[in-house]
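Structural overview
Take a look at the letters that make up each chain.
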Amino acid sequence: MESILSECVQNSLRQFMHRNAIFMCERLCAQFPSEKNMQLLAECYLQNQQAYAAYHVLKGKSMAESRYLFALSCYQMGLLTEAETALNEPSAAEVPNGAAGHYLLGLIYRYTDRRNRSIQHFNQALLLDPLLWAAYEELCILGAAQEAAAVFGEASSLSIQKQHLYQSQNIQASADDQNVASRNIVSDDISPRQSKHTHSNNLRESNGTAAVQSLGGASTNMSFYNTPSPMASQLSGVVPPPVCRNFQQNGTNASMAGAADSSPRSTVNSTIQAPPRRKFVDEGKLRKISGRLFSDSGPRRNSRLAGEPTGNTNSNVSAASKYHGNSKLSSMTLRSMTSRKSQSWATENYAEGVRNDISDDSQLNSHPSGDARPLEQEGSGTSILSGASEILALFRILGEGYRLSCLYRCQDALDVYDKLPHKHYQTGWVLSQIGRAYFEMVDYLEADHAFGLARLASPYSLEGMDVYSTVLYHLKEDMKLSYLARELVSTDRLAPQSWCAMGNCYSLQKDHETALKNFQRAVQLNPRFAYGHTLCGHEYVALEDFENAIKSYQSALRVDARHYNAWYGLGMIYLRQEKFEFSEHHFRMALGINPHSSVIMSYLGTALHALKKNEEALEVMELAIVADKKNPLPMYQKANILVSMESFDAALHVLEELKEHAPRESSVYALMGRIYKRHNMYDKAMFHFGVALDLKPSAIDVATIKAAIEKLHVPDDLL
């Protein structure tokens with residue numbers, strides 16, 4: 001009863017029937033209250049987003065898996081201290097669940113402002129599992145990732161090979177234990193001849209179904225199984241095991257004690273009987289068992305990728321099963337074929353059955369497993385090693401590009417992403433990263449194009465859509481932004497990216513209060529969403545509520561200390577409040593994180609100029625001009641600094657150059673008017689003040705320019 005209920009729960013979880021899994025697992029725990037079953041119940045709760053229920057089920061449990069699930073439920077509820085205690089239990093020899101446990105600990109330390117320990121555990125997680133991409137992402141976000149070539153190198157390839165072979169051996173050992181147990185299940189109602197036919201049919205059906213699963217991309221939980229070979233004692237009178245109902249695959253509550261039929265049953269949904277259990281084998285061993293189902297590994301693999309027939313007897317099934325929609329149809333076709341064969345075999349006479357017994361036994365004994373296993377393991381190891389090398393080569397490109405993006409070396413990141421194969425370059429995640437890189441480079445048109453392609457590649461993915469909405473905000477694309485916000489909210493109303501897009505839409509329409517409510521909704525859905533806190537701060541600044549703006553920026557920094565936008569926002573507030581020392585500090589912090597931002601350099605130079613550090617301010621402005629020649633702000637600020645230093649000719653030279661880049665900036669002409677007034681060139685001063693007014697500046701600038709015109713002939717010393 002326990003095994004039946006357990007298999008039913010596992011089957012429900014595989015089919016995402018979480019409510020049914022919880023109900024059946026509660027029955028299981030009521031009847032058999034073991035810690036293993038409690039772990040399964042907690043897993044059901046966690047998959048159904050019921051962390052609080054999982055927390056109470058697992059509280060006080062000591063096994064490694066229980067401690068990991070308990071820590072995960074605590075983390076989801078925000079109980080970081082309890083999660084850390086569970087993972088670092090003093091009596092435990094190591095962190096439970098290996099790489100996953102270290103990754104979870106790294107997240108906990110990151111959100112409790114223990115950066116060094118967080119980096120240590122993320123690195124340990126990558127050592128244990130080089131393919132744990134999430135740990136590498138966290139290291140990149142923290143700015144502590146090594147070059148991808150060092151992380152995904154030769155050592156990682158060997159680690160993957162060892163780990164894969166170790167898991168395969170564990171699955172084989174588990175299957176062997178199941179086979180030993182199945183030999184004890186004997187039905188007295190089956191004759192030796194019927195048992196032999198049943199065994200032969202099941203072996204053939206098992207091979208066919210295993211081939212369809214392998215070619216059709218079956219779930220990882222549906223392992224290969226092997227019916228035990230008939231022994232000499234079975235041939236002499238003891239019947240082999242009857243047909244095994246695979247509860248792990250079909251999840252039915254059928255009893256295993258009934259008599260087996262002489263031919264296998266073939267149904268559409270496999271609700272009565274699934275393929276018999278067979279030992280997990282690698283691809284090389286499967287070819288030995290059923291050579292007709294597979295050709296050589298290289299051509300077979302290429303034919304699946306290219307969509308070409310393999311040339312073997314089951315090529316039609318192989319070609320159909322590579323499409324997910326046809327996998328069931330292929331399975332049904334092959335199962336019906338084996339069913340027809342088994343029916344013909346069942347009609348053979350008893351003497352022919354005895355001859356088949358002897359023939360099958362001689363074939364099985366002619367290839368002892370002890371001689372074949374080293375060759376099979378060697379072939380499997382080579383295949384795994386080459387596969388691991390291919391994966392790591394891809395990860396080296398992706399990892400290096402992502403690392404450079406997190407270091408805001410955006411052009412270098414784009415150059416690395418260009419090395420990706422076309423099929424990976426055109427995926428939603430990569431295109432979103434490219435759009436984010438262009439956004440950081442203030443190239444909003446290219447960012448819009450990249451994010452648009454990402455939407456086409458993955459129309460229901462929300463990766464980077466918060467940044468995309470900000471791109472459209474800067475481009476003042478109100479129609480596209482409104483459409484994007486509506487699409488994201490209809491896709492997932494519980495995603496913070498959706499409400500960020502909605503907030504940017506209202507902010508573009510100058511409805512800052514409604515925009516603020518939408519950004520607060522995003523933060524409410526995910527309190528660790530740093531960009532949402534920053535956008536809240538921007539809206540508070542627009543409403544001139546500087547106190548709450550400072551709180552929002554500080555909340556963003558508590559979530560992510562390297563979120564340079566929050567440092568920049570704090571610097572802008574202190575600059576407006578004329579707290580220039582604080583402003584300089586926060587701009588320097590932002591520039592330390594993103595050293596290539598021309599905008600941050602410009603405002604840092606402004607703060608330094610306000611502190612009378614003109615020489616240093618000029619140096620920073622020169623760096624800002626070189627960083628982004630399209631940005632007019634550093635050139636204008638440089639001219640301002642030169643005017644304050646009474647270097648009027650140099651300032652006029654800079655402003656003349658700036659007019660070529662920004663011909664419709666009223667402030668440029670207003671500053672030139674002031675310089676000509678200082679030179680007592682009143683006609684040119686009046687001309688430039690008039691041009692500045694014609695370009696429709698802000699109301700404050702209009703008042704300043706009109707006051708300058710009224711006092712045109714009054715010396716500046718008397719003002």
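Bear in mind that the values here come from a model prediction, so they are computed numbers and not experimental data.

1. Some details on the overall build of the protein
On a plain count of helices and strands, the protein comes out with 39 helices and 0 strands. The buried share among the 719 residues of the protein stands at 47%. Put simply, of all contacts in the protein between residues at least 6 apart along the chain, 57% involve residues at least 24 apart. With the model as given, the accessible surface of the protein reaches about 36500 Å², and the carbon-plus-sulfur share is 53%.

2. Thoughts on the environment of serine 667
Tracing the sequence through the fold places serine 667 in helix 37 (residues 666–678). A relative accessible area of 24% places serine 667 in the partly exposed class. The spacing of serine 667 and aspartate 701 is 34 residues in sequence and 7.9 Å in space, taken between C-alpha atoms.

3. A closer look at the packing of helix 31 (residues 564–576) against helix 33 (residues 598–610)
One can describe the packing of helix 31 onto helix 33 by two numbers: an axis separation of 11 Å at closest approach and a directional angle of 30°. When the axes of helix 31 and helix 33 are compared, the pair comes out roughly parallel. Like other packed secondary-structure pairs, helix 31 and helix 33 cross with a definite hand, here left-handed. Between helix 31 and helix 33, the contacting residues are Tyr564, Tyr568, Met572 and Leu575 on the first element and Val599, Ile600, Tyr603, Thr606 and Ala607 on the second. Considered class by class, the residues forming the contact of helix 31 with helix 33 number 8 nonpolar, 1 polar and no charged.

4. Some points on the nonpolar core
Membership of the largest hydrophobic core comes to 166 residues, with the highest contact counts inside it found for Val9, Cys25, Tyr136, Phe152, Ile434, Leu655 and Ile675. The element that contributes the greatest number of residues to this core is helix 31, accounting for 9 residues. Contacts of tyrosine 136, omitting those with residues within four sequence positions, involve Leu126, Ala145, Gln146, Glu147, Ala148, Val151, Phe152, Gly399, Glu400 and Arg403.

5. Re helix 7 (residues 98–111)
Taking 1.5 Å as the rise per residue, helix 7 with 14 residues should run 20 Å; its terminal C-alpha atoms sit 20 Å apart, in good agreement. In terms of burial, helix 7 is largely enclosed, as 10 of its 14 residues are buried. Along helix 7, the residues classified as buried are Ala99, Gly101, His102, Leu104, Leu105, Gly106, Leu107, Ile108, Tyr109 and Arg110. Where helix 7 is buried, its residues meet helix 5 (64–77), helix 6 (80–87), helix 8 (115–128), helix 9 (133–141) and helix 30 (546–559). Of the residues one or two after helix 7, aspartate 113 is the one with positive phi, at around 60°.

6. Considerations on the side chain of histidine 512
Structurally, histidine 512 can be placed in helix 28 (residues 512–525). Sequence-distant contacts of histidine 512, that is, excluding residues within four places in its chain, are made with Ser507, Glu539, Ala542 and Leu543.

7. Focus: helix 34 (residues 614–627)
For helix 34, which comprises 14 residues, the first-to-last C-alpha distance of 20 Å matches the rise-based estimate of 20 Å (1.5 Å per residue) to within 8%. Residues Asn614, Ala617, Leu618, Val620, Met621, Ala624 and Ile625 constitute the buried set of helix 34. In an axial view of helix 34, the angular spread of the buried residues amounts to 165°, which keeps them on one side of the axis. More than 90 degrees from the buried face of helix 34, the exposed residues found are Glu615, Glu619, Leu623 and Val626. The secondary structure elements touched by the buried residues of helix 34 are helix 33 and helix 35 (633–644).

8. Re the packing of aromatic side chains
Evaluated as defined, the whole model comprises 18 aromatic pairs. When the ring of tyrosine 568 is compared with that of phenylalanine 587, the centres are 6.1 Å apart and the planes differ by 50°; the resulting orientation is tilted. Within this pair, whereas tyrosine 568 is found in helix 31, its partner phenylalanine 587 is found in helix 32 (residues 580–593), the two being separated by 19 residues in sequence. Judged on exposure class, the residue tyrosine 568 and its partner phenylalanine 587 are both buried. Judged by centre distance (5.5 Å) and plane angle (50°), the rings of tyrosine 574 and phenylalanine 582 are tilted. Accessibility expressed as a relative area gives 12% for tyrosine 574, which makes it buried. Residue phenylalanine 582 is classed as partly exposed on the basis of its relative accessible area of 49%. Among the aromatic side chains, those forming a connected cluster through ring pairs are Trp133, Tyr136, Phe152, Phe395, Tyr402 and Trp429. Across from the ring centre of tyrosine 75, 4.8 Å away, lies the NZ or CZ of arginine 528, which sits over that ring. Across from the ring centre of tyrosine 111, 4.6 Å away, lies the NZ or CZ of arginine 528, which sits over that ring.

9. Overview of the packing of helix 1 (residues 2–14) against helix 2 (residues 18–31)
Relative orientation of the contacting elements helix 1 and helix 2 amounts to 160°, with a least axis distance of 8 Å. The angle between the axes of helix 1 and helix 2 places the two elements in the roughly antiparallel class. Judged by the twist between their axes, the crossing of helix 1 over helix 2 is left-handed. Of helix 2, the residues touching helix 1 (which contributes Glu2, Leu5, Ser6, Cys8, Val9, Ser12 and Leu13) are His18, Asn20, Ala21, Met24, Cys25, Arg27 and Leu28. In terms of residue class, the contact of helix 1 with helix 2 is made up of 8 nonpolar, 4 polar and 2 charged.

10. Describing unusual backbone geometry
Residue asparagine 97 is not a glycine yet carries a positive backbone phi of 65°. With respect to the element layout, asparagine 97 can be found in the loop between helix 6 and helix 7. A relative accessible area of 32% means that asparagine 97 is categorised as partly exposed. Unlike most non-glycine residues, tyrosine 408 shows phi in positive territory, near 60°.

11. A short note on the side chain of serine 405
Positionally, serine 405 belongs in helix 20 (residues 369–406). Note on serine 405: relative accessible area 13%, which makes it buried. Those residues within four positions of serine 405 in sequence are excluded, and the remaining contacts are Ala413 and Tyr417.

12. As for the confidence of the model for the protein
If pLDDT is low for a region, its predicted coordinates should not be looked at in detail. Looking at the protein, pLDDT values average 74 and 69% of them are 70 or higher. Looking over the protein, one finds the lowest element-wise mean pLDDT in helix 13 (residues 232–235), namely 35, and the highest in helix 29 (residues 530–542), namely 95. Per-residue pLDDT stays below 50 along residues 181–378; that stretch engages in 244 contacts with residues further than four places along the chain or on separate chains.

13. Regarding the pattern of salt bridges
In this structure the tally under the stated criterion is 13 salt bridges. When the shortest N-O distance is used, the salt bridge between glutamate 138 and arginine 110 registers 2.5 Å. Residue glutamate 138 is found in helix 9, and its partner arginine 110 is found in helix 7; the two are separated by 28 residues along the sequence. Like arginine 110, glutamate 138 is buried. Of the charged contacts, one joins aspartate 448 and lysine 480 as a salt bridge, the two residues approaching to 2.8 Å between their closest N and O atoms.

14. Considerations on the environment of aspartate 545
As for its placement among the helices and strands, aspartate 545 is situated in the loop between helix 29 and helix 30. What makes aspartate 545 partly exposed here is its relative accessible area of 27%.

15. Considering the state of the cysteines
Tallied over the entire structure, the rule returns 0 disulfides. Not engaged in a disulfide, the cysteine cysteine 410 finds its nearest cysteine sulfur in cysteine 406; these two sulfurs lie 9.9 Å apart. Between cysteine 500, a free cysteine, and cysteine 536, which holds the nearest cysteine sulfur, the sulfur-to-sulfur gap is 8.0 Å. A relative accessible area of 0% means that cysteine 500 is categorised as buried.

16. Notes on the environment of phenylalanine 451
Inspection of the secondary structure assignment puts phenylalanine 451 in helix 24 (residues 444–457). When the C-alpha atoms of phenylalanine 451 and leucine 431 are compared, they prove to be 6.5 Å apart, with 20 residues separating the residues in sequence. When residues no more than four places from it in sequence are discounted, the contact partners of phenylalanine 451 are Ser432, Gly435, Arg436, Gly464, Met465, Val467, Tyr468 and Val471.

Calculation rules
Residues numbered from 1 in each chain as written. Predicted model: local features only at pLDDT ≥ 70, side-chain atom pairs only at ≥ 80, totals over all residues. Heavy atoms only, no water. Helix = DSSP H or I, 4+ residues; strand = E, 2+ residues; numbered from the N terminus. Buried < 20%, exposed > 50% of the residue type's maximum accessible area, 1.4 Å probe, protein only. Contact = heavy atoms within 4.5 Å. Areas by Shrake-Rupley, 256 points an atom, 1.4 Å probe, with all protein chains shown as cover. Axes fitted to C-alpha atoms, helices over the stretch in contact; angles between N-to-C directions. Parallel < 35°, antiparallel > 145°, perpendicular 65-115°, else oblique. Left-handed = near helix turned anticlockwise from the far one by under 90°. Nonpolar A, V, L, I, M, F, W, Y, C, P; charged D, E, K, R; others polar. Core = buried A, V, L, I, M, F, W, Y, C linked by side-chain atoms within 4.5 Å. Expected span 1.5 Å × (residues − 1). Arc of directions from axis to C-beta. Phe/Tyr/Trp six-rings, centres within 6.5 Å; stacked < 30°, edge-to-face > 60°. Lys NZ or Arg CZ within 6 Å of the ring centre and 35° of its normal. pLDDT = per-residue confidence, 0-100. Salt bridge = Lys/Arg side-chain N within 4 Å of Asp/Glu carboxyl O. Disulfide = S-S within 2.5 Å.

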